[in-house]
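Architecture at a glance
For reference, the chains in residue letters:
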Amino acid sequence: MTEPIVVIVGAGPAGVRAAEALAHAGLRPIVLDEAARPGGQIYRQPPGASGRVSTDIYGFDAKKATAIHRVLSDHTDRIDHRPDTLVWNVFGPKLDLLTADGYREQPFDHLILATGAMDRVLPFPGWTLPGVFTLGGAQVALKAQGVSIGRRVALVGAGPLLPLVTHQYAKAGVSVVAALDVTAFGSKLAQAPRMLASAGTLAKGLWYTARNRLRRLDVRYGVRSIRVEGDGRVEALRWRDAAGHEHRVDCDAVGASFGLRPEAQLADLAGCRFVFDVDARQWMPERSAEGRSSVPGIYLAGDGARIGGADVAELQGRRTALALLEDLGRAVDRRELLRLDRGLARQARFRRALDAAYPYPSHLLDAVGDDEIVCRCEGITVGALRQAAHERDAREINRTKAFTRIGMGRCQGRVCGEAAAELLARACDSDLERVGRLRGQAPVKPIPIVVGSGA
Amino acid sequence: MAGLFQRTTKRSGANVGLTIDGEAIEAQAGDLLITAILLHRTSLRRFEFGDGQRAGFCMMAACQDCWVRLADGRRVRACSTLVAPGMAVLIEGDGVD
């Protein structure tokens, strides 16, 4: 019997743990990763030998990060790790790749997509000024490069990333001039008992909050609106607090984003069915508890299908690999299955509480004027979207795309897609679910066009 | 001119020379191009569809907001491209050094 070709896309915690479980079962999975070194974004490694200590980079999670980094290099004989490899299309039973050596194809029998997540964003006045980054971006600058996005930094969020990045920036000696959460504090208190489902994660969050408090860096909750001001670059952040009072703080950089969103383009191209998740207010590829997608032979692990965080991604990576092995008719350890399923069920309860505690702040869009840019790639405005909704009766997001080009820029709608759907739903007084989602298109990231044969 | 970014950590890495609009700057091996540029400048390029300048956004190769032009004709994503000796970045320039 020839061995099946199992391909994993992504070398973050989910992809790495999936590869490890498959290797231990005697398979030789291929791991394709866009980055040069494993770890994904959460455990992203600085390039080369930076001489930095892992506890300085990853804090509490240094052990987990180091463990993930080592799995692939510890199994070079049983895991075929191919870094610097962009998967830009899924077409039938093969993947289209861009590697350092040019374009390649990779056939597969089974595919695990562990494509991770990016920051969930929405437009606000001034958000395209140089010096505005996502919270995740602000964190990557610090972790992977040892730089801060500015000298006086304001941070804005809607989730647990905010107190973490605040802590990390302050610890690195950067002046954090404001830490603003646009969700209400009451929702956190209400959900606190349910968050005990993941006591360790809750404890870490409380610890960051306590450390921030010692530095007099209290997160302000319930912030109603934000506006970045500056001439050619960030100079100040104006914000309105829960009581409606206006504030202005001088700063030279802003880190702002509002949760995370799955990088699900490849699942879309592979034909996986998508479902609307009411709690998260997001479309995501349908995934069974075991990690199966709606397409036989295609599996989904980690944040690329539903946001769960790094610990969940590790459990899911392993669980998904076991599901794949079962589908191949291999024996799997029942006790291991039970242990993973229990862990995942507990984490799912935690996640539901987190979603309720930090709802996506789509209400901020109501105050965003027509002149603001929603598509950062091509400068398409909020007004253009609203106009298409009103005057051309574009009540479905792909129809709006045809009229306005929204989602057709270089990012393929990663950045604007959710905000555009929210704006459209609000403009035509419809449900977010009914407005639909932008369909994925290949290539999922820009690739060079090669003319002739000299690639 | 002060850039957007500032280093928070001393780290190892040899010096790497590159130019921005013809002006020589020093980067460090292991710097991403976005780091090298924004330590010295406040933007990466003029926005091609409207007013203003752009300086990147997501830092994880997703948003495509950080692409820059090099004098050799390439356009590269600055947040996923490492610096290399002799790289010539064009922000304001028109390709003529």
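Residues numbered from 1 in each chain as written. Chains lettered and ligands numbered in written order. Predicted model: local features only at pLDDT ≥ 70, side-chain atom pairs only at ≥ 80, totals over all residues. Heavy atoms only, no water.

**Considerations on the overall build of chain B**
Quick reminder of the rule: In this description a helix means any DSSP run of H or I spanning at least four residues, a strand means any run of E spanning at least two, and both kinds are numbered starting from the N terminus. Here the globule rule reads 2.2 Å times residues to the power 0.38, and the radius of gyration is calculated from C-alpha atoms. The contact criterion used throughout is that any non-hydrogen atoms of two residues lie within 4.5 Å.
Per the secondary structure count, chain B includes one helix and eight strands. Beginning at the N terminus, the succession of helices and strands in chain B can be written as β-β-β-α-β-β-β-β-β. The C-alpha atoms of chain B give 13 Å as radius of gyration, which agrees with the globular expectation for 97 residues (13 Å, within 12%). Projected onto its principal axes, the C-alpha coordinates of chain B cover approximately 40 × 30 × 25 Å. Considering only contacts within chain B whose residues lie at least 6 apart along the sequence, 47% involve residues at least 24 apart.

**Thoughts on the overall build of chain A**
Keep this limit in mind: The buried label applies to any residue whose accessible area, calculated with a 1.4 Å probe on protein chains only, is under 20% of its type's maximum; exposed applies above 50%, and partly exposed to all values in between.
Per the secondary structure count, chain A includes 14 helices and 22 strands. For a compact globule of 455 residues, the expected C-alpha radius of gyration is about 23 Å, and chain A comes in at 22 Å, within 12% of that figure. Expressed as lengths along the three principal axes of its C-alpha atoms, the size of chain A is roughly 70 × 55 × 45 Å. By the burial criterion, 58% of the 455 residues in chain A qualify as buried. Taking the contacts inside chain A whose residues are at least 6 apart along the sequence as the reference set, 66% of them involve residues at least 24 apart.

**Description of the interface of chain A and chain B**
What counts here: Here the buried area means the combined drop in accessible surface, using a 1.4 Å probe, for two parts upon being joined, counting both sides. Basic side-chain nitrogens of Lys or Arg form a salt bridge, by our definition, when they fall within 4 Å of a carboxyl oxygen of Asp or Glu. Residues adjacent in sequence count toward polar contacts only when both atoms are side-chain atoms; beyond that, a polar contact is any pair of N or O atoms within 3.5 Å, and within protein one must be able to donate a hydrogen and the other to accept it. Think of it as three bins: nonpolar holds Ala, Val, Leu, Ile, Met, Phe, Trp, Tyr, Cys and Pro, charged holds Asp, Glu, Lys and Arg, and polar takes everything else, Gly as well. Following DSSP output, two strands are said to pair if at least two bridges run between them.
Taken together, the contact pairs 46 residues of chain A with 39 residues of chain B. For the pairing of chain A and chain B, the buried interface totals around 3,500 Å² over both sides, and the portion due to carbon and sulfur atoms is 56%. Among the salt bridges present, the one from E34 of chain A reaches R77 of chain B, with a minimum N-O distance of 3.1 Å. Between chain A and chain B we count 16 residue pairs in polar contact (both at pLDDT 80 or more) in total. Among the residues forming the side of chain A that touches chain B, the class breakdown is 21 nonpolar, 13 polar and 12 charged. Relative to strand β1 (residues 6-7) of chain B, strand β10 (residues 147-148) of chain A runs antiparallel, the two being bridged by two bridges. Pairing of V147 of chain A across the sheet is with R7 of chain B, part of β1 of chain B.

**A look at the packing of aromatic side chains**
Where we set the bar: Here is the rule: rings of Phe, Tyr and Trp (six-membered ring for Trp) pair when centre to centre is within 6.5 Å. Planes less than 30 degrees apart are stacked, more than 60 are edge-to-face, and the remainder are tilted.
Within the structure shown, the criterion is met by 11 aromatic pairs over all chains. When the ring of F133 of chain A is compared with that of F5 of chain B, the centres are 5.6 Å apart and the planes differ by 50 degrees; the resulting orientation is tilted. Highlighted residues: F133 of chain A in strand β9 (residues 132-133) and F5 of chain B in the segment before β1, drawn from two different chains. For the pair formed by F133 of chain A and F5 of chain B, the shared burial category is buried. Between the aromatic rings of F276 of chain A and W283 of chain A, the centroid separation amounts to 5.4 Å while the plane-to-plane angle is 65 degrees, which identifies the pairing as edge-to-face. Taken together, the ring pairs connect F60, W207 and Y208 of chain A into an aromatic cluster.

**Looking at the sheet that holds strand β2 (residues 15-20) of chain B**
Residue and element names in this part refer to chain B. Stated precisely, the cut-off is as follows: Lines fitted to the C-alpha atoms define the axes, with helices restricted to the stretch that makes contact. Angles between their N-to-C directions range from 0 to 180 degrees.
Spatial strand order, β3-β2-β8-β6-β7: five strands in an open sheet with mixed pairing. Of all strands in the sheet, those bounded by a partner on one side alone are β3 (23-28) and β7 (75-77). Here the strands of the sheet are splayed against their neighbours by 40 degrees on average, with no regard to which way each runs. The sheet contact formed by β2 and β3 spans six bridges and is antiparallel. The partner of L18 across the bridge, within β3, is I25.

**Quick word on helix α9 (residues 310-327) of chain A**
Under the convention used in this document: By definition here, a helix of n residues has an expected span of 1.5 Å times n minus one.
Its 18 residues give α9 of chain A an end-to-end C-alpha distance of 26 Å, which sits within 8% of 26 Å, the value for a rise of 1.5 Å per residue. Phi turns positive one or two residues past the end of α9 of chain A, at G329 of chain A, with a value near 80 degrees.

**A look at the packing of helix α1 (residues 13-24) of chain A against helix α3 (residues 62-74) of chain A**
All names here are of chain A. Cut-off, in case you're wondering: Each angle is binned into one of four classes, with values under 35 degrees roughly parallel, values over 145 roughly antiparallel, values of 65 to 115 roughly perpendicular, and all other values oblique. Take the far helix as your reference; a near helix turned counterclockwise from it by less than a right angle gives a left-handed crossing, and one turned clockwise gives a right-handed crossing.
Running from amino to carboxyl end, α1 crosses α3 at an angle of 45 degrees, the nearest separation of the two axes being 10 Å. Compared by their axis directions, α1 and α3 come out oblique. Of the two possible hands of crossing, α1 and α3 adopt the one that is left-handed. In this structure, α1 contributes P13, V16, R17, A19 and E20 to the contact, and α3 contributes A67, I68, V71 and L72. In the contact of α1 with α3, the residues fall into seven nonpolar, no polar and two charged.

**A word on the pairing of strand β19 (residues 282-285) of chain A**
Residues and elements named next belong to chain A. Across four bridges, the pairing between strand β18 (residues 274-277) and β19 is antiparallel. Among the inter-strand pairings, D277 is bridged to a residue of β19, identified as Q282. Hairpin connection between β18 and β19: a loop of four residues separates the two successive antiparallel strands, and R281 in this loop has a positive phi of roughly 60 degrees.

**A short note on the nonpolar core**
Our working rule: Put simply, buried Ala, Val, Leu, Ile, Met, Phe, Trp, Tyr and Cys residues joined by side-chain atoms within 4.5 Å make one nonpolar core.
Core analysis: the biggest nonpolar cluster contains 107 residues, and Y169, L237 and F258 of chain A together with L33 of chain B have the highest contact counts within it. In this structure, V6, A23, V71 and L340 of chain A belong to the second largest nonpolar core, which totals 34 residues.

**Observations regarding the side chain of R11 of chain B**
Assignment of secondary structure puts R11 of chain B in the loop between β1 and β2. Contact partners of R11 of chain B, with chain neighbours within four places excluded, come to S50, R52 and Q145 of chain A together with Q28, A29, G30 and D31 of chain B.

**What to know about the sheet that holds strand β6 (residues 102-107) of chain A**
Residue and element names in this part refer to chain A. Strand order across the open sheet formed by three strands is β4-β5-β6, with antiparallel pairing between neighbours. Of all the strands in the sheet, just β4 (86-91) and β6 have a single pairing partner and so form its edges. Going from strand to strand, the sheet's axes swing by 25 degrees on average, the running direction of each strand aside. Here β4 runs beside strand β5 (residues 94-99); their pairing, made up of five bridges, is antiparallel. Bridging from a neighbouring strand, F91 pairs with K94 of β5.

Everything listed here is a matter of geometry and, on its own, says nothing about what the molecule does.
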